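Residue-level listing of the chains:
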Amino acid sequence: MTHVSPAQKQSEKALYGGTSSRRITVRDIAAAKERAEKWPMLTAYDAMTASVFDQAGIPVLLVGDSMGNCHLGYESTVPVTMDEIALLSAAVVRGTRRALVVGDLPFGSYQEGPVQALRNATRLVKEAGVGAVKLEGGERSAQQIELLVQSGIPVMAHVGLTPQSVNAYGGYPVQGRGEEAAQQLLRDAKAVQDAGAFAVVLELVPAELAAEVTRSLHIPTVGIGAGSECDAQVLVWTDMAGMTDGRVPRFVKQYAQLRQGLGDAARAFAEDVVGGAYPAEEHSFH
């Protein structure tokens, strides 16, 4: 009988770098919190990109309504529809084998109440095949989260800056500054945990407050502009890979410059066509 060391067992179970090839589940996410494992999450909006991230070992992929800004050409996330989320979520599911795919509930798809939230979340689970859904809001969304979880749909919550409320905020300000705002954010985080969320995104929150929230919850926190003490970190993939044109938020670290590389490739192709170098003999049939 082959002996398996505790370190090997730990490696097998790891969300990032683990050897298991089955789908990541919310139970795996909970177990990672218990062993204090940090893990990465990226957005994805199509099968090809999702397959790259899946093969790279990213354990959780979010089909975010951020598609509105970086994929569909909208000025904000607000115009994104259920049809768009469902279509692209299904593509991401088809492009992955291991990652837990989380589908965003877009603006207007759950604010009416728990029944509306259940109807639209059920659609993402049945039509797109996602393993979980995400929705924004703390105490105000607790009833929606509770019904979804009771109905068998895992929920990732989202507090702090909630981009669907951009018109109410008048922009994208840091949330939780000041004693009253900090206490409200803590109440929001605990409310979504009590409602049954398996994780909560903390967006644009002071690092010290995010660390306090992380310590006070038994579910993992996923930071985006919330400092280094969160259990996980998420970035919009086009920001992370340098595809975004112009200025990116302060919290973004660009790990590549794909926009420049893709533009260079397109120009090289165009110059070959104009100059007659492409297609060459090896690209032709006889």
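Residues numbered from 1 in each chain as written. Predicted model: local features only at pLDDT ≥ 70, side-chain atom pairs only at ≥ 80, totals over all residues. Heavy atoms only, no water.

**Digging into the packing of helix H5 (residues 82-94) against helix H6 (residues 114-128)**
Phase 1: Following both chains from N to C, one finds H5 and H6 inclined at 35°, their axes separated by 9 Å at the closest point. In this structure, the crossing between H5 and H6 has a hand that is right-handed. Where H5 approaches H6, its residues Met82, Asp83, Ile85, Ala86, Ser89, Ala90 and Val93 are matched on the opposing element by Asn120, Arg123, Leu124, Glu127 and Ala128.
Phase 2: Broken down by class, the residue content of the contact of H5 with H6 amounts to seven nonpolar, two polar and three charged. (Axes fitted to C-alpha atoms, helices over the stretch in contact; angles between N-to-C directions. Helix = DSSP H or I, 4+ residues; strand = E, 2+ residues; numbered from the N terminus. Left-handed = near helix turned anticlockwise from the far one by under 90°. Contact = heavy atoms within 4.5 Å. Nonpolar A, V, L, I, M, F, W, Y, C, P; charged D, E, K, R; others polar.)

**Overview of the packing of helix H9 (residues 179-195) against helix H10 (residues 207-216)**
Phase 1: Interhelical geometry of H9 versus H10 gives an angle of 30° and a closest axis separation of 10 Å. In this structure, the crossing between H9 and H10 has a hand that is right-handed. Contacts between H9 and H10 involve Ala182, Leu185, Leu186, Ala189 and Lys190 on the former and, on the latter, Leu209, Glu212, Val213 and Ser216.
Phase 2: Residues that form the contact of H9 with H10 fall into these classes: six nonpolar, one polar and two charged.

**A few points about unusual backbone geometry**
What is expected of a backbone is that most residues other than glycine have negative phi and most peptide bonds are trans.
Phase 1: A cis amide bond links tyrosine 278 to the next residue, proline 279, at an omega of 0°.
Phase 2: Secondary-structure assignment places proline 279 in the segment after helix H12 (258-275).
Phase 3: Its identity is not glycine, yet alanine 36 carries a phi of approximately 60°, on the positive side.
Phase 4: On the secondary structure map, alanine 36 appears in the loop between helix H2 (26-34) and strand S1 (39-43).
Phase 5: In this structure, leucine 204 takes a positive phi of about 50° despite not being glycine.
Phase 6: Tracing the sequence through the fold places leucine 204 in the loop between strand S6 (199-203) and H10.
Phase 7: Judged by its relative accessible area of 14%, leucine 204 falls in the buried class. (Buried < 20%, exposed > 50% of the residue type's maximum accessible area, 1.4 Å probe, protein only.)

**Comments concerning the nonpolar core**
Phase 1: Membership of the largest hydrophobic core comes to 58 residues, with the highest contact counts inside it found for Leu61, Leu105, Val133, Leu148 and Leu202.
Phase 2: It is H5 that provides the largest number of residues to this core, a total of seven residues.
Phase 3: Other than its neighbours up to four places away in sequence, leucine 105 contacts Met82, Tyr110, Ala117, Asn120, Ala121, Leu124, Val133, Lys134, Leu135, Leu148 and Gln164.
Phase 4: Met41, Phe198, Ala199 and Ile224 belong to the second-largest nonpolar core, a separate cluster that totals 19 residues. (Core = buried A, V, L, I, M, F, W, Y, C linked by side-chain atoms within 4.5 Å.)

**A word on the pattern of salt bridges**
Phase 1: A complete count under the given rule lists eight salt bridges for this structure.
Phase 2: A salt bridge links aspartate 264 to arginine 267, with the shortest nitrogen-to-oxygen separation between them at 2.8 Å. Placement of both aspartate 264 and arginine 267 in helix H12 is noted, with a separation of three residues, approximately one turn of the helix.
Phase 3: Residue aspartate 264 is classed as partly exposed on the basis of its relative accessible area of 37%.
Phase 4: Look at arginine 267 and you get partly exposed, because its relative accessible area is 49%.
Phase 5: Each of the salt bridges in this network shares a partner with another, and the network as a whole consists of Asp83, Arg123 and Glu127. (Salt bridge = Lys/Arg side-chain N within 4 Å of Asp/Glu carboxyl O.)

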